[in-house]
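Here is what each chain is made of, one letter per residue.
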Amino acid sequence: MGKILDVREMVPKDRHSTIFDTFRNLEPGGSFVLVNDHEPKPLLYQFQAEHDGEFEWWPLEQGPQAWRVRIVKRETAGTDRTITDYLQTDHRRLDGIMESFQGALRAERWEEASSDFREFVLGLRRHIRIEEEILFPVFEEKTGMIDAGPTFVMKMEHKEINELLDRILSSTDGHDAGAASEAAGALINILMDHNMKEEHILYPESDAFITEAERAQIIKKAQAA
Ligand SMILES: [Fe+2]
Ligand SMILES: [Fe+2]
């Protein structure tokens, strides 16, 4: 699916320029998957410095042997981005991977199902980490709502989501299509409702409580998660 740029065999000094050239040549909305042999954090910081607001950075694999990141050229670039826009875009992206996983599962293409699901788990656990470690503490501090507020409910649902992810992983690894698709159905049901509450209540409220500069900082930290 799409372009892959594997820089592992490339001379280190040529890597960054090749990556930035590839990015600049993308059509708006286009993307490529960068494959590297180490955590590409310095590259992310260079992107943030030189192409602030123009790209998406979605890790697909985070070691220990290979690091893969999907780098997208945003259709509408801009640094004045809302938390709602950033996290909603990630919800949609994860929905797409889930759909592809379900297609592979139905056809019992196990290798594809397993690699799709690994990307999904990594992406969703990272998304939850961004919410719980970066966004929710700011929301709780600004609103004073901690134990009975919306973040409390979201964290409980994250626990359920995590348990279902483990169930789907083990049934996919065990090539049990029935159990995997049943657990995937349960997960999709929870996520539909969960994501809707976040997109309609928690994210917009967060955007309302924090300044534009704080939003930009949160998104930068989230990209590095
Ligand atoms: Fe969430
Ligand atoms: Fe979310």
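Refer to the structure above for everything that follows.
Residues numbered from 1 in each chain as written. Chains lettered and ligands numbered in written order. Predicted model: local features only at pLDDT ≥ 70, side-chain atom pairs only at ≥ 80, totals over all residues. Heavy atoms only, no water.

(A) Structural detail: empty space enclosed by the protein. Across all of its chains, the model carries three cavities of 30 Å³ or more by this definition. Approximately 90 Å³ is the volume attributed to the largest cavity. Within the residue set of the lining of the largest cavity, elements represented by two or more residues are helix H2 (41-50), strand S3 (55-62) and strand S4 (67-73). No other element matches S3, which puts four residues into the lining of the largest cavity. (1 Å grid on protein atoms, 1.4 Å probe; cavity = no way out; pocket = protein on both sides within 12 Å on 5 of 7 lines; lining within 4 Å. Points joined across faces, edges and corners; volume = space filled by probe spheres on them. Helix = DSSP H or I, 4+ residues; strand = E, 2+ residues; numbered from the N terminus.)

(B) Region of the structure containing the pattern of salt bridges. For the structure on display, the rule yields 20 salt bridges. Between Arg68 and Glu119 there is a salt bridge, and its shortest N-O distance comes to 3.2 Å. One end of the pair, Arg68, is in strand S4; the other, Glu119, is in helix H4 (residues 110-143), with 51 residues separating them in the sequence. Take Arg68: its relative accessible area is 22%, and that puts it in the partly exposed class. Looking at Glu119, the relative accessible area reads 16%, which means it is buried. A salt bridge links Lys142 to Glu214; its shortest N-O distance comes to 3.0 Å. With Lys142 in helix H4 and Glu214 in helix H7 (residues 212-223), this residue pair connects regions lying 72 residues apart in the sequence. Classification of Lys142 as partly exposed rests on a relative accessible area of 34%. (Salt bridge = Lys/Arg side-chain N within 4 Å of Asp/Glu carboxyl O. Buried < 20%, exposed > 50% of the residue type's maximum accessible area, 1.4 Å probe, protein only.)

(C) Representation of the sheet that holds S4 in the model. Ordered in space as S1-S2-S4-S3, the four strands form an open sheet in which the pairing is mixed. Two strands bound the open sheet, and with one partner strand each, they are strand S1 (3-6) and S3. Averaged over all adjacent pairs, the angle separating strand axes in this sheet is 20°, with direction ignored. Lying on the sheet, H4 is in contact with S3 and S4; it crosses S3 at an angle near 120°. (Pairing = 2+ DSSP bridges. Axes fitted to C-alpha atoms, helices over the stretch in contact; angles between N-to-C directions. Contact = heavy atoms within 4.5 Å.)

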